[in-house]
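# Report on the structure
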Amino acid sequence: MIKKETIIPSLGNTIEWFDFGLFIFMAPIIGAKFFPQASTNHATIEALIVFAIGFLCRPFGGIFFGYFGDTRGRAKTLRISILLITISTFCAGVIPSYEDIGITAPILFILLRLIQGLSIGGEYSGIMIYLAESAPPNKRGFTTSFAAIGANLGFLLATVTLILLNALFSEETIKAWAWRLPFLLIGLPGSIIIYYRFKLTETPIYVQLKKKHRIENIPFIAAIKFAPFQLLKILGLTCMGSTFYYVFFGYMPTYLEHYIGFSLEDALTIESAMLITMLFTVPLAGMCGDYFTRKKMLLITASAIILLVVPCFYLLQSKSILLALLSLGTATILSSLDQGTSLAAVVENCPENVRYSGIAFSYNLGNALFGGSTPLIVTLLTEKMGLISPAYYLILMAGITLITVTTILSNNQ
């Protein structure tokens, strides 16, 4: 039976990725509101640049929250991060547009994305650490996979929300004001999650670290000094997962609609089906990692992505719903294998006494460099080099992760 201690921390991740999904899906609308240009494409690209800038704050947030996570406790730090994420997401739906207050609007909008990036620097890594340290060693992959489930649920809710918006409101109404509603409505579930975060108990591993006086005064410096290779491994592990996920589960509706010719409704429906499937396949992948070891599972996953991603993109060019489902169904399985195994592997390959600082910095640095920039890079690659070009970018990232996986711990410690 799944304990509430597993479910409750993971739901904070849902708000984070709900916001991400909305931002990516509605980039053209948000760009026009805060960065008005003669060309819609320019406004969209500027919005995606801001999205990437927010991600660049994640490593700095990782250093900040990592300090508190390693010196004050995992549970206490997660309370602060969820507060900042909920407030900044809500405020994104409140601030006036460029038409109302001029240049102040994009400044405020960028500031909110920076705050969001800082807080996320402690949220996602904190959740994976909390779940991994609270789980029995033989169920660590399964338990930690719920951090990824929370993210998938957030993207799913963002997709469903966009479908409902298009069903309830006209395109003009959505562009005028209805796009704000999802950001505003997040306040209620966010408040509930904040309430339950204050009921979280500390992880057994942190309790033991404190009991044995193994708490580092400056954990980030200690991590760089005593565990530099572990930090590099964590960075390498993020390359494949962050880029693959954002291409197939963040950017794909835009790709299908604008470049392949699918209707927005069809693209979002396919996206929803993929995300629903992953709510079940990700924990199964976590169980496989517990049984077969995470190293073997990640080696298989990285190799499969290198071999299959180009055929997946070619299938999309057929403009056939059935072949698109085959392509994206394959991507769903591959991403599930990565999500279900990589998070626990990241935690296991970082020393306990600098774990929050080390993971929060390296994991978020990887997501900042590769994940946050993916929508922008893929957009530019598609427009400048063709519809298949994003596949080769994903092969490069999977190759880096494949090399990294050969160096990680072969047993689940």
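A brief look at the structure comes next. (Residues numbered from 1 in each chain as written. Predicted model: local features only at pLDDT ≥ 70, side-chain atom pairs only at ≥ 80, totals over all residues. Heavy atoms only, no water.)

### A closer look at the packing of aromatic side chains
Inclusion rule: Only centres within 6.5 Å qualify two rings of Phe, Tyr or Trp (six-membered ring in Trp) as a pair; their planes then separate them into stacked at under 30 degrees, edge-to-face at over 60, and tilted for everything else. Each helix is a run of DSSP H or I of at least 4 residues and each strand a run of E of at least 2, with the numbering of both proceeding from the N terminus. Exposure classes here rest on a 1.4 Å probe applied to the protein chains alone. A residue is buried below 20% of its type maximum, exposed above 50%, and partly exposed in between.
For the structure on display, the rule yields 25 aromatic pairs. An angle of 20° between the planes, with centres 5.7 Å apart, marks the rings of Y124 and Y363 as stacked. Remark: Y363 occurs in helix 18 (residues 355–371) and Y124 occurs in helix 7 (residues 104–134); sequence separation between them is 239 residues. No difference in accessibility class separates Y124 from Y363, as the two residues are buried. An angle of 90° between the planes, with centres 6.3 Å apart, marks the rings of Y245 and Y246 as edge-to-face. Among the residues examined, Y245 registers a relative accessible area of 6% and is labelled buried. Among the residues examined, Y246 registers a relative accessible area of 1% and is labelled buried. Connected via pairs of aromatic rings, a cluster forms that spans W17, Y124, F155, Y245, Y246, F249 and Y363.

### Here's the deal with helix 14 (residues 228–260)
Put simply, the test is: Two axes are fitted around each residue, one to the seven residues ending there and one to the seven starting there, and the angle between them is reported as the bend at that residue.
Along helix 14, the helix axis deviates most sharply at Y251, where the bend reaches about 65°; the proline P253 sits within four residues downstream. With 24 of 33 residues buried, helix 14 lies mostly within the body of the structure. A positive backbone phi angle near 105° is found at G261, which sits one or two residues after helix 14.

### What to know about the environment of F361
Rules: Should any heavy atoms of two residues lie within 4.5 Å, those residues are counted as being in contact.
Within the fold, F361 resides in helix 18. For the pair F361 and R72, spaced 289 residues apart in sequence, the C-alpha to C-alpha distance is 17 Å. Filtering out sequence-adjacent residues up to four positions away, F361 remains in contact with P59, G62, I63 and F220.

### Structural notes on helix 17 (residues 321–348)
For clarity, the threshold we go by: Expected helix span is taken as 1.5 Å per residue step, with the number of steps being one fewer than the number of residues. In the analysis that follows, any N or O atom pair within 3.5 Å is treated as a polar contact, provided that within protein one partner can donate a hydrogen and the other can accept it, and provided that, for residues neighboring in sequence, both atoms belong to side chains.
Compared with the 40 Å implied by 1.5 Å per residue over 28 residues, the 40 Å span of helix 17 between its first and last C-alpha is a close match. The buried fraction of helix 17 is high, at 20 of 28 residues. Capping the start of helix 17, S320 holds a side-chain oxygen 3.4 Å from the backbone nitrogen of L322, two or three residues further along.

### Some words on unusual backbone geometry
A positive phi angle, close to 60°, is found at H213, a residue other than glycine. Its place among the elements puts H213 in the loop between helix 12 (204–211) and helix 13 (219–226). Assessed through its relative accessible area of 71%, H213 is described here as exposed. The backbone of K319 shows a phi angle near 65°, a positive value even though the residue is not glycine. In this fold, K319 is placed in the loop between helix 16 (294–316) and helix 17.

### Notes on the nonpolar core
Put simply, the rule is: In plain words, nonpolar cores are sets of buried Ala, Val, Leu, Ile, Met, Phe, Trp, Tyr and Cys residues tied together by side-chain atoms within 4.5 Å.
Ranked by internal contacts, the top residues of the largest apolar core, which has 101 residues, are Y124, M128, F248, L256, V309, F313 and I359. It is helix 14 that provides the largest number of residues to this core, a total of 14 residues. Look past the residues within four positions of F313 in its chain and what remains in contact with it is V247, F248, Y255, S327, L387, I388, P390, A391 and L394.

### Some remarks on the side chain of R79
Applied cut-off: Positive charges are assigned to Lys and Arg, negative charges to Asp and Glu, while His and the chain termini are left out of the count. We define a salt bridge as a side-chain nitrogen of Lys or Arg found within 4 Å of a carboxyl oxygen belonging to Asp or Glu.
The residue R79 is located in helix 5 (residues 74–92) in this model. Of the side chains with opposite charge, E202 lies nearest to the buried R79, which makes no salt bridge, at 6.8 Å.

No statement about biological role is implied by the geometric values presented.
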